[in-house]
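# Summary of structural features
The lines below spell out each chain.
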Amino acid sequence: MKYWLPDVPSIIWSAIFLALLFGLNALSARAFGEGEFWFAAIKVITVVVFLVIGVAMILGIMGGTSPGFSNWTEGSAPFVGGGAGILAVFVVAAYSFQGTELVGVAAGEADNPEKTLPKAIRTIFWRILLFYIGAIAVIGFLIPYTDPNLLASSESNIAVSPFTLVFDRAGIAFAAALMNAVILTSVLSAGNSGLYASTRILYSMARTGQAPRIFGNLTRRGVPMNALLATTAIGMSGFLTSIVGDGAAYTFLLTLSALAGFITWAGISWSHFCFRRAMKAQGKSLDELPYRAKFFPAGAVVALAMCFLVILGQAWDPVVNGDNVLGVLAPYFGIPVFLALWFGFRVVKKAKAVKPEEADLSRQ
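Rules of the game
- Residues numbered from 1 in each chain as written.
- Predicted model: local features only at pLDDT ≥ 70, side-chain atom pairs only at ≥ 80, totals over all residues.
- Heavy atoms only, no water.
- Helix = DSSP H or I, 4+ residues; strand = E, 2+ residues; numbered from the N terminus.
- Rg over C-alpha atoms; globule rule 2.2 N^0.38 Å.
- Contact = heavy atoms within 4.5 Å.
- Areas by Shrake-Rupley, 256 points an atom, 1.4 Å probe, with all protein chains shown as cover.
- Lys, Arg positive; Asp, Glu negative; His and termini not counted.
- Charge placed at Lys NZ, Arg CZ, Asp CG, Glu CD.
- Axes fitted to C-alpha atoms, helices over the stretch in contact; angles between N-to-C directions.
- Parallel < 35°, antiparallel > 145°, perpendicular 65-115°, else oblique.
- Left-handed = near helix turned anticlockwise from the far one by under 90°.
- Buried < 20%, exposed > 50% of the residue type's maximum accessible area, 1.4 Å probe, protein only.
- Arc of directions from axis to C-beta.
- Phe/Tyr/Trp six-rings, centres within 6.5 Å; stacked < 30°, edge-to-face > 60°.
- Salt bridge = Lys/Arg side-chain N within 4 Å of Asp/Glu carboxyl O.

## Some thoughts on the overall build of the chain
The number of helices and strands found in the chain is 16 helices and zero strands. Taken over C-alpha atoms, the radius of gyration comes to 23 Å for the chain, in line with the 21 Å a tight globule of 364 residues would show. Along the three orthogonal principal directions, the C-alpha set of the chain runs to about 65 × 50 × 45 Å. Of the contacts made within the chain by residues no fewer than 6 positions apart, 66% connect residues no fewer than 24 positions apart. Accessible surface, the chain: about 22200 Å² in total, of which carbon and sulfur atoms supply 69%. Charge separation in the chain, taken as the distance between the mean sites of 25 positive and 19 negative side-chain charges, equals 14 Å.

As structure tokens, then:
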């Protein structure tokens, strides 16, 4: 918002947008879904337009002479920085691939989930291939890694993002303002889905005795309002970015929450492995599953290993840059928080490990 209104305090925008997202989630699951549909539609349309224009520029139809494969062979491209560079990019890019677990969270409120969920999961691969890999390929063809405008993007100036550069070189006016608006809707989409997922997870935990029962109450519209209020209260920590300073507080909150995403996916991979092991131990047929993950057990094992690799790689930049001990440990603040919650629950509830033969595989 500072791109358009630099003098307005960011705490104002935090309050407005948090109120908007709270309203969408407080109405009903349908209101959340409708809002998320339009937020996502804007992103999808933008990326599709970007891919079409980008391919036209690669073929020399728009934007002057086609660069061909020159940007893939210039200097040390495409493996800039060797193995260390690839690891650094992998760690950063991994943040963008989180979120597909929301498909499972939404299953409880989906119509006919046994049919709709497998269908949604099967399309994820193609969406990632088109929107992530496709967009990166277009950028790689059109913008060299040595582009001075691209290097200036470290100053968080939207006018020099790779998407903006492509639109600008295609001769499209107001490219920077357009991309800034799209990124704003992307941020709201992330906040909307995050608020929904956190609320439903807290509600589910309350219903299974893993959180206070008060969070398990529903309104007449089927909204877990108490859980939503609690989640929104935590979301208000975003106001700290205005009080403490946009950079420091934002980086801390991002590190704390993003690392939790990797821990979550490590848990998903491990749970999947244990689930299939329990099915085998209890003599259950895989034909009972409405959706069967391919490449098991290799898929679960590789996913778990990659999650650990990304978690360990968080300290790569601080170590290479010679940061102090606090700078090296800062990316791992989420781990002690997770361990405290996990061990705390096991101690309070006196929870014990469940044997594969005794796991409850009933469908509720």
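Following the structure, the description resumes.
## Considerations on the packing of helix α1 (residues 10-27) against helix α9 (residues 175-207)
Axis separation between α1 and α9 bottoms out at 10 Å; the angle between their running directions is 50°. Here α9 runs oblique to α1, going by the angle between their axes. Of the two elements, α1 crosses α9, and the hand of that crossing is right-handed. On the side of α1, the interface is formed by Phe17, Leu21, Phe22, Leu24 and Asn25, while α9 contributes Leu184, Leu188, Gly191, Asn192, Leu195 and Tyr196.

## What to know about helix α10 (residues 225-235)
Within the span of α10, buried status applies to Ala227, Leu228, Thr231 and Thr232. Buried positions in α10, seen along its axis, are confined to an arc of 135° and lie on one side of it. The inward-facing, buried residues of α10 abut α1 and α9.

## Some details on the packing of aromatic side chains
Tallying each qualifying case throughout the model produces 10 aromatic pairs. An angle of 15° between the planes, with centres 5.8 Å apart, marks the rings of Trp270 and Phe273 as stacked. Remark: Phe273 and Trp270 occur in helix α12 (residues 246-281); sequence separation between them is three residues, near one turn of the helix. Owing to a relative accessible area of 45%, Trp270 belongs among the partly exposed residues under this scheme. Consider the rings of Phe338 and Trp342, whose centres lie 6.1 Å apart with planes at 10°: the pair is stacked. A residue pair is termed a helical-turn pair when its members lie 3 or 4 positions apart in one helix, as Phe338 and Trp342 do in helix α16 (residues 334-349) at four residues. Since its relative accessible area comes to 36%, Phe338 is described here as partly exposed.

## Details of the pattern of salt bridges
All told, the structure shown has two salt bridges when counted by the stated rule. For Asp147, the salt bridge identified is with Arg169, shortest N-O distance 2.4 Å. Note that Asp147 is positioned in the loop between α6 (113-142) and α7 (148-151) and Arg169 in helix α8 (residues 162-169), a separation of 22 residues in sequence. Relative accessible area serves as the criterion here: at 33%, Arg169 is assigned to the partly exposed category. When the shortest N-O distance is used, the salt bridge between Asp287 and Arg292 registers 3.1 Å. Here Asp287 falls in the exposed class, since its relative accessible area comes to 64%.

Read these as spatial facts, not as claims about activity.
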